[in-house]
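# Structural characterization, general
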Amino acid sequence: MTEWIEIGSIDAIPRRGSRCVNTPAGRIAVFRTQDDQIFAIENRCPHRQGPLSEGIVHGASVTCPLHNWVFDLATGQALGADEGQVKTYPIDIVERRIFMAGERILVAAE
Amino acid sequence: MTEKLVIIGNGMAPGRMLEHLFEAAPGRYAVTIFNAEPRVNYNRLMLSPVLSGEKTYEEIITHGDDWYAENGVTLHKSSPVTLIDREARKVISTNGIVADYDKLVIATGSSPFIPPVPGHQLPGVVTYRDLDDVDKMLAVGPGARVVVIGGGLLGLEAAAGLKMRGMDVTVLHLMPTLMERQLDPAAGYLLEKAFKDRGVTVITKANTKQVLGTDRVEGVELNDGMIIPCEMVVMAVGIRPSSGLAKASGLAVNRGIVVDDQMRTDDPHIFALGECAEHRGTCYGLVAPLYEMGQVLAHTLAEQEASYQGSVTSTKLKVTGIDLFSAGDFGEGEDREEIVLRDATAGVYKRLVLKDDRIIGAVLYGETADGPWFFDMLKRGVDTRELRDTLIFGQAYQGGTPLDPMAAVAALPDEAEICGCNGVCKGKITGAITGKGLTSLDGVRAHTKASASCGSCTHLVEQLLHATLGDAYNPAAVQPMCPCTEYGHDDVRRLIIAKGLKSIPAVMQELEWKTSCGCAKCRPALNYYLVADWPGEYEDDGQSRFINERVHANIQKDGTYSVVPRMWGGMTNPKELRAIADVADKFAIPAVKVTGGQRIDLLGVKKEDLPAVWADLNAAGMVSGAAYAKGLRTVKTCVGSDWCRFGTQDSTGLGIRIEKFMWGAWTPAKLKLAVSGCPRNCAEATCKDIGVICVDSGYDIHFAGAAGLDIKGTELLCHADSEDEALEIIVALTQLYREQGRYLERIYKWAKRVGTPSIKANVVDDLAKRRHYFERFVYSQTFAQVDPWEERVNGKDAHEFAAMAEFGMPVAAE
Ligand code: SRM
Ligand SMILES: Cc1cc2nc3c(=O)[nH]c(=O)nc-3n(C[C@H](O)[C@H](O)[C@H](O)COP(=O)(O)OP(=O)(O)OC[C@H]3O[C@@H](n4cnc5c(N)ncnc54)[C@H](O)[C@@H]3O)c2cc1C
Ligand code: SF4
Ligand code: FES
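Structure report, in brief.

Leave glycine aside and you will find that most residues have negative phi; peptide bonds, for their part, are mostly trans. You will see that Glu95 of chain A, though not glycine, has its phi angle at about 45°, which is positive. Mapped onto the elements, Glu95 of chain A comes out in the loop between β9 (91-94) and β10 (97-101). In this structure, Glu303 of chain B is a non-glycine residue whose phi angle is positive, near 55°. Position of Glu303 of chain B among the secondary structure elements: in the loop between α9 (287-301) and β23 (314-316). The exposure class assigned to Glu303 of chain B is exposed, which follows from its relative accessible area of 60%.

All right, on to the side chain of Glu728 of chain B then. Topologically, Glu728 of chain B is positioned in helix α22 (residues 723-740). Leave out the neighbours within four places in its chain, and Glu728 of chain B touches Leu767, Arg770, Arg771 and Phe774 of chain B.

A separate point is the sheet that holds strand β35 (residues 671-676) of chain B. Residues and elements named next belong to chain B. Read across the sheet, 5 strands follow the order β34-β35-β36-β37-β40 without closing on themselves; strand pairing throughout is mixed. Edge positions in the open sheet fall to β34 (632-637) and β40 (715-720), since each of these has one partner strand only. Averaged over all neighbouring strand pairs, the angle between strand axes comes to 20°, with direction disregarded. Set on the sheet, α22 makes contact with β35, β36 (690-695), β37 (698-703) and β40; between it and β40 the angle comes to about 140°.

For the rest of this paragraph, the subject is the site of ligand 2. Residue and element names in this part refer to chain B. Taken together, 29 residues surround ligand 2, and among them Glu37, Arg129, Glu275, Val287 and Lys318 come closest. At 2.9 Å, a backbone N or O of Ala13 approaches an oxygen atom of ligand 2. Ala36 places a main-chain nitrogen or oxygen 3.0 Å from a nitrogen atom of ligand 2. Burial of ligand 2 by the protein amounts to 91% of the accessible area it has alone, namely 1,000 Å². For the shell around ligand 2, the secondary-structure elements that each account for two or more residues are α1 (12-24), α6 (153-164) and α9. Broken down by class, the residue content of the shell around ligand 2 amounts to 15 nonpolar, 8 polar and 6 charged.

Take the sheet that holds strand β33 (residues 600-605) of chain B next. Residues and elements named next belong to chain B. Strand order in the open sheet formed by 4 strands is β30-β31-β33-β32, with antiparallel pairing between adjacent strands. A single partner strand is all that each edge strand has here, and the edge strands are β30 (554-555) and β32 (591-594). Looking at chain direction, β30 and strand β31 (residues 561-563) are connected through 2 bridges and run antiparallel. Pairing of Asn554 across the sheet is with Ser562, part of β31. Relative to the sheet, helix α19 (residues 574-586) contacts β32 and β33, its axis offset from that of β33 by approximately 10°. Sitting on the sheet, helix α20 (residues 610-619) touches β31 and β33, and the angle it makes with β31 is about 5°.

Residue and element names in this part refer to chain B. The element β36 is largely enclosed, with a buried count of 6 among its 6 residues. Alternating positions in β36 separate into two faces, Ile690, Val692 and Cys694 on one and Gly691, Ile693 and Val695 on the other, with burial throughout. With 4 bridges joining them, β35 and β36 adopt parallel strand pairing. Residue pairing for β36: Val675 is matched across the bridge by Val692. As paired strands, β36 and β37 are joined by 6 bridges and run antiparallel to one another. Bridged to Cys694 within β37 is Tyr699. The hairpin formed by β36 and β37 contains 2 residues between the paired strands.

The rules behind the values
Residue numbers here run from 1 along each chain, matching the order of that chain's written sequence. For naming, the first written chain is A and the first written ligand is 1, with later ones following in the order written. In keeping with the predicted nature of the model, local features appear solely for residues at pLDDT of at least 70, side-chain atom pairs appear and are counted solely at 80 or more, and the whole-chain, interface and lining totals rest on all residues. By convention in this description, side-chain values take in all heavy atoms of the structure and omit both hydrogens and water. Helix and strand assignments come from DSSP, with helices taken as H or I runs of at least 4 residues and strands as E runs of at least 2, each series counted from the N terminus. Partly exposed residues are those whose accessible area sits between 20% and 50% of the maximum for their type, while under 20% is buried and over 50% is exposed, using a 1.4 Å probe and protein chains only. Here a residue-residue contact requires only that any non-hydrogen atoms of the pair lie within 4.5 Å. In this scheme, strands are said to pair when DSSP sees at least two bridges between them. Interaxial angle, 0 to 180 degrees, is taken between N-to-C directions of lines fitted to C-alpha atoms, where a helix line uses only the stretch in contact. It suffices for a single heavy atom of a residue to lie within 4 Å of a molecule or strand for the residue to be listed as near it. Any pair of nitrogen or oxygen atoms within 3.5 Å is treated as a polar contact; in protein, a donor-acceptor pairing is required on top of that, and neighbouring residues in sequence qualify only through side-chain atoms on both sides. Here the open area of atoms and residues is found with the Shrake-Rupley method and a 1.4 Å probe, where only the protein chains shown may cover a residue. Ten residues, namely Ala, Val, Leu, Ile, Met, Phe, Trp, Tyr, Cys and Pro, are considered nonpolar, four, namely Asp, Glu, Lys and Arg, are considered charged, and the remaining ones, Gly among them, are considered polar.

In structure tokens, the structure reads:
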């Protein structure tokens, strides 16, 4: 059974912004869109490892700060001409609190 | 033999007439023009955009000096004619120039009517007719209180323009509602509300008793005793044909100079043209009839058959953001019917006046796209009985399903008038597009004059281009900012000001952005425009800034950051160097480098360490060097007269002074300056955005250099005698760039686009303008000169510098 671990409140992330969750397997970037949708993806651009959490968030996508690749936050797919994908992580929200599937976070900790 | 044609007045009517004449009878006349104004011919209609700042004078010139030269026309500027000697057939100007004529054209236009209330002659009372009036109005400067007397088209355009220039404007109107001749009270109210929403005070039923003041205007007193204090009064109550000279010469004059259908006065050698002429009892105050007269007169002078039959006029209020169209006759009468449509929520009002089922008057407010359609039916006297039920909904609703706008223009008959100012019909435009192979708006303007005067039909002309050329028409002469919008950078900047848009959502809403919250291209641009245009009012949107500007450090390829503190003018001292060394040790910063900008870069700082690094640098008196900013970067200097045997001035001191004055300013792209102490130029000032070369006699100010992706030496802007003057010019130049530059456009690209002459005109030649830009910069700096590092040391945006949650072992920076 999936264990859901709380990572914080959605209010901890600015609208059209992102915060990181540090895990033993690497950083996960958690995004909040203008309309309060929350997405979590791997914080590593497949192009040259740019930290996606530092990008500009627009609609449900983010533009990488290093060389402007654009990723769909829901699917992790690179948009436009670029090809690549980042991992996405399922999220659950209860009363503005964000939960992430524990096995994803803790998997590498063992 | 060439005949001598003399023209008195150099306004819009004779300008157009001459174009027709040179086409119809090239070389027939040697033309001499006397003009009271000290300049060439310009588009008077566009004074309102000049007043509001949406256009410059240079942009509205219709006939430049080269045009007169090419056509062999002698133009006497600043030479009002005071005498016509009809016996000897010559005219004489106040400055003593005499010219003989075979044919004389009087085209003196109109003069503003000034009601003779006490105080009307005080300095500070101005009218609104020519460029000098505009300059006078702008001279009082932002913040001034202005009373505009007259709530007609002219008064309202003046009020809107002055308001956009930051003045505090009150409109006084004698009647109970604005523009009562065109609008019924309800529509007048909508208009009044639109002005009030822009912050213009409107007082109706305001009967001016007197203008108050001793040495100059201090206020206006109304009949009911109310006093409105002000520094300037704009009189816009009406115009009178300028027919005094003709009358003094014994020509037949009623209100205007009486002419026949060939534009001839009662002296066969003398013609009258334009607003000063009276034809069949009517004097016109709009440009379209004058152009028709000009065409007739040109043919008459070329001895070709032509006759003027009078005109029906339509007009548009040229205030950006307020759409108002009116045409024809609105007087009440037994035999007249009205159709009125109101949509209060959409702010739309439409009124048609019908007589015998034919439209004789139309007013459209809020939604004016159908103006040409109604006006066309009005002029052709179309029987509207069949359309009656849906007429008011406009062309799109005829025939059941709404047409899209493209189909609507496509459906217009060839005779439908598109450009009211120049009387250009659809067929002529489409004919020119196919016949002459035109592909752009400018091409259509050049060949047909459509959209070349007041510009309010531009949209229709573009639709015609599109309808005629299909996808071959590429309106991207204006490159959209990004795929989220159709607007280019300049339009967006103009509309932000014109519509008073003060937030990114407001811009996106009003300018109909196609995406919900923009993209990584448009958001930073919009954020900059709003920061630059509304200092102190707009709240910076960090989420719309690139990461570097959001966290005030430069992101590196491995996700770490670099930190560059300011070293004013490249000067440092042991205390600063020690603090830098200590910080590098304390935070194990892997690299310390001297930059190409005369300061020190600490590279490889972890994001979470940034606030602590800054705290230590702040403690030693250092602030952010903004090495990441589309803003002021560095002012490089050389040692100058302090040490160097060739130094002519204190280049180091001036560089430091400039940097201390300008740090913190955001600019369209990065801004780098340098000051060299002599022409040997050790600070490399001649490849900077702005560079100063000190010389014995003062300071040569250069600008528009580049030494990055492009390499380009600077251009000399001007010479300044003192440091103070140099600083003022540099700052004014920067502010002009801040207001006109497109996001990411360096100074050299901006200068290439707008032209060095227009830049010089604003910051070199005209002291008042220079001061105006200087002061705007200074004002904006009061909000900008806050060290972003110190703010973050004190807790601002703390979320940026810490993870949201940590699990398991901490990870190293990626
Ligand atoms: C550090 C420095 C190189 C050095 O080690 O000396 C440097 C480093 C960078 N430059 Fe530069 N430039 C540096 C002086 C220059 C100069 C020389 C100068 O300023 O006198 C130029 C040529 C003059 C000019 O600005 O055009 C220069 C022309 C550029 C350009 C090309 C700009 C252009 O419009 O053509 C870029 C790219 C850009 O801005 O898009 C750039 C971009 C960059 C960036 C910001 C690349 C980036 O986007 O990450 C580098 C950031 C490194 C960092 O984190 O510090 N850098 N760069 C210099 C910092 C100066 C300072 O103290 O602020
Ligand atoms: C701010 C403003 C906005 C306007 N907007 C519109 C609009 O949107 N639509 C529209 O249709 N119309 C508009 N008009 C009206 C339009 O500008 C005029 O109808 C048109 O300019 C008249 O042309 P004209 O040649 O008859 O006279 P003008 O253009 O006024 O030219 C007359 C010239 O003669 C000169 N002159 C006068 N006396 C002498 C003399 N004795 N000797 C030598 N020179 C002399 C004057 O200095 C002036 O330069 C606007 C007018 C103004 C002021
Ligand atoms: S020249 Fe400038 S942008 Fe290029 S690698 Fe060096 S520092 Fe970076
Ligand atoms: S690392 Fe993300 S686009 Fe290059």
